[in-house]
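Chain residues, written in single-letter form:
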Amino acid sequence: MSLTDTAPKVATSQSKPLFSRLRNSDLWWSFWHHPSAVVAAILLILLICSAFFAPWITVQNPYDLASLDLLNAEIPPIWNADGQWPFLLGTDTQGRDLLSAILYGSRASIVIGAASVAVSLIVGAAFGLVAGYYGKWVDGLLMRAGDVLLSMPTMLIAILVSALARQALPASLREIGASAVIVLAISLSAWVQYARTVRALTMVERNKEYVQAARLIRVSTWRILLKHILPNTTTPLLVTATLNFGLGILIEATLSFLGVGMPPEQPSLGTLIRIGNQYLFSGQWWIVLFPGLQLCLLVVSINVLGDWLRDALNPKLR
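Everything quoted here is computed from the prediction, not taken from an experiment. (Residues numbered from 1 in each chain as written. Predicted model: local features only at pLDDT ≥ 70, side-chain atom pairs only at ≥ 80, totals over all residues. Heavy atoms only, no water.)

(A) How the structure looks around helix 7 (residues 136-150). With 15 residues, helix 7 should reach 21 Å at 1.5 Å per residue; the first-to-last C-alpha distance of 21 Å fits that figure. Buried residues of helix 7: Val138, Asp139, Leu142, Met143, Gly146 and Leu149, and no others. For helix 7, the angular spread of the buried residues around the axis is 110°, confining them to a single face. Of the residues in helix 7, the exposed ones pointing more than 90 degrees away from the buried face are Lys136, Trp137, Leu141 and Val148. Buried residues belonging to helix 7 abut helix 6 (98-134), helix 8 (154-168) and helix 10 (178-205). (Helix = DSSP H or I, 4+ residues; strand = E, 2+ residues; numbered from the N terminus. Expected span 1.5 Å × (residues − 1). Buried < 20%, exposed > 50% of the residue type's maximum accessible area, 1.4 Å probe, protein only. Arc of directions from axis to C-beta. Contact = heavy atoms within 4.5 Å.)

Take a look at the structure:
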């Protein structure tokens, strides 16, 4: 058989759709043979979809104070003898439908967690590439800055940044910029983990033959970093980002619980838990229980997927 006979077959195999190639990959097989990962993925998809489609599936907008009625305050869940339709999970002390507040709050927590991961990933990957490729004083400067941040607890840094930023912003912008401040507070220390990972891999890759060949043909430094070295760091970055997604949601919830996160007018899950905790011993247990359960399900599903992805992408465990 000649080479021309085999050429169309090669072209056909390389032109398969992305989903078809993914379905035939080892990662796909590993996913469907990992029951915990499948259940976690289904649960996470349901939680995210319900959060982002909240305006179409909830009975009220918890951010709209005009839609709240104090006469509907502290109604227990629907299965309770005093429950009322359509408040399936009851209401809080302001007459806010708890299910609506949970779905809207989940959306805020998910967006803040994803944004903090994105900012940390971009900043950390950029610093890690530069530090690992150039070395010398550039490496020393960036890594020592990272060491200073790591010497302080992440939560303490987030609390300080969030509190200082809120004081620096005008009163009219504090509520509008609350989510941006939280993303900044979380990302300030989270980028170090990504930077160290990328730096270590870059120091290995920069001495390999393909990088030396790119230098010989005068390929620009940034093209070498972005087109050649960065793709070889995606696997550990993907695992780290998945695990830090859940951590970012937890940090946001903690900041809101402590009162330096999202305001009560724009409640996230942490804000709802803080409000409900004040009435826990007054008999209104549902105000804190259901937001806490939602936060637990969200973070556990993300962590289970992160653990599976770490094992699936580790060649030593195959």
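(B) Structural detail: helix 4 (residues 35-52). Here helix 4 spans 26 Å end to end across 18 residues, near enough to the 26 Å set by a 1.5 Å rise per residue. The complete set of buried residues in helix 4 reads Ala37, Val38, Ala40, Ala41, Leu44, Leu47, Ser50 and Ala51. Those residues of helix 4 hidden inside the fold are in contact with helix 3 (26-32), helix 5 (54-57), helix 6 and helix 15 (286-312).

(C) Expanded view of the nonpolar core. Residues Leu298 and Leu305 are the most contacted members of the largest nonpolar core, which totals 45 residues. Put simply, the parts of the chain that give this core at least two residues each are helix 4, helix 6, helix 10, helix 11 (209-216), helix 12 (221-229), helix 13 (234-257), helix 14 (269-277) and helix 15. The element that contributes the greatest number of residues to this core is helix 15, accounting for 12 residues. In this structure Leu305 touches Phe31, Ala37, Ala40, Ala41, Leu44 and Thr242, once residues within four positions along its chain are discounted. Grouped together as the second largest cluster of nonpolar side chains are 22 residues, Leu149, Ala158, Ala195 and Met262 included. (Core = buried A, V, L, I, M, F, W, Y, C linked by side-chain atoms within 4.5 Å.)

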